[in-house]
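Examination of the molecular architecture
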Amino acid sequence: MAKETLFGSSSEDSAIWTEKYRPKNFEDIDGNEHIVSRVKAFVAARNMPHLLFAGPAGSGKTTLALIVAKKFFGMGWRENFLELNASDSRGIDVIRQEVKSFARTKAIGDVPFKIILLDECDALTKEAQQALRRTMEQFTTTCRFILSCNSSSKIIDPIQSRCAVFRFRMREKKDVEKAINDIAKKENFKIDTKAIDAIFKISRGDIRKVTNILQSSASITKSITEKIIHEVTNEVQPENTKQVLDLAITGNFLDARNLLLDEMLKQGLSGLDMIKAIQQEVWNLGIPEESKIQLIERCAEIEFRLVEGSDEFVQLEALLASFTGKGQKKLL
Ligand SMILES: Nc1ncnc2c1ncn2[C@@H]1O[C@H](COP(=O)(O)OP(=O)(O)O)[C@@H](O)[C@H]1O
Ligand SMILES: [Mg+2]
């Protein structure tokens, strides 16, 4: 059994790196500094409004909410903190019921209120949000709510106006790099800069994804390269995509098509995976700028058709056909 400490189970015992390396103090959080300092000030003042955390998955919303609760309540934090998921299929009535029974009793210890974290509030319908608003008002003296959502535009104005709204941003390259290097040091593995670049590109700054990719890669080898990253993430290897496109733009349509099919089947990639990879590689091709723009538009068109359910191979062939010959024009 994991040892119970102020911060839940002792981190050494956690097998999942996203939990093991979840920041435990305000100071450990990289990025979103302006948010962290304001929230920290609330805790220091022993008072805070309701909070609305908006931002993409993996931007650190839940992590900050947990730190707030732990810092506010200390050892007894679990008694005074309730975490609910708004996308809970049992519906808003169950959520309100749980909030009610939690909020009915006074906070334990010398603290002014309890805290309720309601995650993924975008999942609530407008009607459910109205009901939530009433519940927030009803228990405002005994409870503070921390609501989280991906986009604040999905949250009704009456809730937004009752909360201090914070918009979380994805981690920048330097923060992702630092997080990777920190974990590499602690877990004793090496990782080269190309692999770090690949992780950043794939994760787009989502630290949860970054950490999961690292854990899977490190379970295979202690010396992580770009190739390993593409293997564990099942992403298309950029050099293979480039080869497909180079064949196409120089007029070798059949070779390009065969190589593309081969890659897809071998790696178990979907048509949409391929389109994304192709879209990223277009910019690296040796063709005129206006051709690149045309091809990007074409990618968007084909992606739309795939989403609508068209045949993957037919659509990808059509896409490759638009690449064919683009490179030859440049030679004329
Ligand atoms: N500032 C940070 N620095 C390093 N890792 C972080 C940071 N914030 C979050 N993480 C890691 O990213 C994961 C996802 O964060 P989380 O707070 O759950 O995101 P969200 O709730 O916005 O989806 C956490 O498990 C943690 O390991
Ligand atoms: Mg979360």
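Only a predicted model underlies this, so the values are computations on that prediction, with no experimental measurement involved.

**A word on the domain arrangement of the protein chain**
Interface size is often expressed as the accessible area that is lost when the parts come together. Under the domain assignment, the protein chain is made up of domain 1 (31-167), domain 2 (173-233) and domain 3 (238-331). A C-alpha centroid distance of 27 Å is found between domain 2 and domain 3.

**Quick notes on the nonpolar core**
Membership of the largest hydrophobic core comes to 29 residues, with the highest contact counts inside it found for M48, F53, L64, V68, I115, I146 and F166. Contributions of two or more residues to this core are made by α2 (33-44), β3 (50-54), α3 (61-73), β5 (114-119) and β7 (163-167). No other element matches α3, which puts eight residues into this core. Other than its neighbours up to four places away in sequence, F166 contacts I35, R38, V39, F42, L51, L52, F53 and A54. Core analysis: the second largest hydrophobic core is formed by 27 residues, L52, A86, A103 and M136 among them.

**Some remarks on the site of ligand 1**
Taken together, 17 residues are adjacent to ligand 1, and T18, G58, K61, T62 and T63 come closest. Contact between ligand 1 and T18: an oxygen atom at 2.6 Å from a main-chain N or O atom of the residue. For ligand 1, an oxygen atom lies 2.5 Å from a polar atom in the side chain of T63. The protein chains hide 94% of the 560 Å² of surface that ligand 1 would expose on its own. In this structure the site holding ligand 1 corresponds to the largest pocket. Contributing elements (two or more residues each) for the shell around ligand 1: α3 and α10 (207-220). Its residues assigned to classes, the shell around ligand 1 comprises six nonpolar, six polar and five charged.

**Examining empty space enclosed by the protein**
Under the counting rule described, the total for this entry stands at one cavity of 30 Å³ or more. Here the largest cavity defines a volume of roughly 30 Å³. If you trace the largest cavity, you find it lined by R257, L260, L261, F313, L316 and E317. Elements represented by at least two residues in the lining of the largest cavity include exactly α13 (253-267) and α16 (312-323). Residues that form the lining of the largest cavity fall into these classes: four nonpolar, no polar and two charged.

What counts as what
- Residues numbered from 1 in each chain as written.
- Chains lettered and ligands numbered in written order.
- Predicted model: local features only at pLDDT ≥ 70, side-chain atom pairs only at ≥ 80, totals over all residues.
- Heavy atoms only, no water.
- Domains from an automatic or database assignment.
- Core = buried A, V, L, I, M, F, W, Y, C linked by side-chain atoms within 4.5 Å.
- Buried < 20%, exposed > 50% of the residue type's maximum accessible area, 1.4 Å probe, protein only.
- Helix = DSSP H or I, 4+ residues; strand = E, 2+ residues; numbered from the N terminus.
- Contact = heavy atoms within 4.5 Å.
- Near = heavy atom within 4 Å.
- Polar contact = N/O pair within 3.5 Å; in protein donor to acceptor, adjacent residues only side chain to side chain.
- Areas by Shrake-Rupley, 256 points an atom, 1.4 Å probe, with all protein chains shown as cover.
- 1 Å grid on protein atoms, 1.4 Å probe; cavity = no way out; pocket = protein on both sides within 12 Å on 5 of 7 lines; lining within 4 Å.
- Sits in = over half its atoms within 2 Å of the grid points.
- Nonpolar A, V, L, I, M, F, W, Y, C, P; charged D, E, K, R; others polar.
- Points joined across faces, edges and corners; volume = space filled by probe spheres on them.

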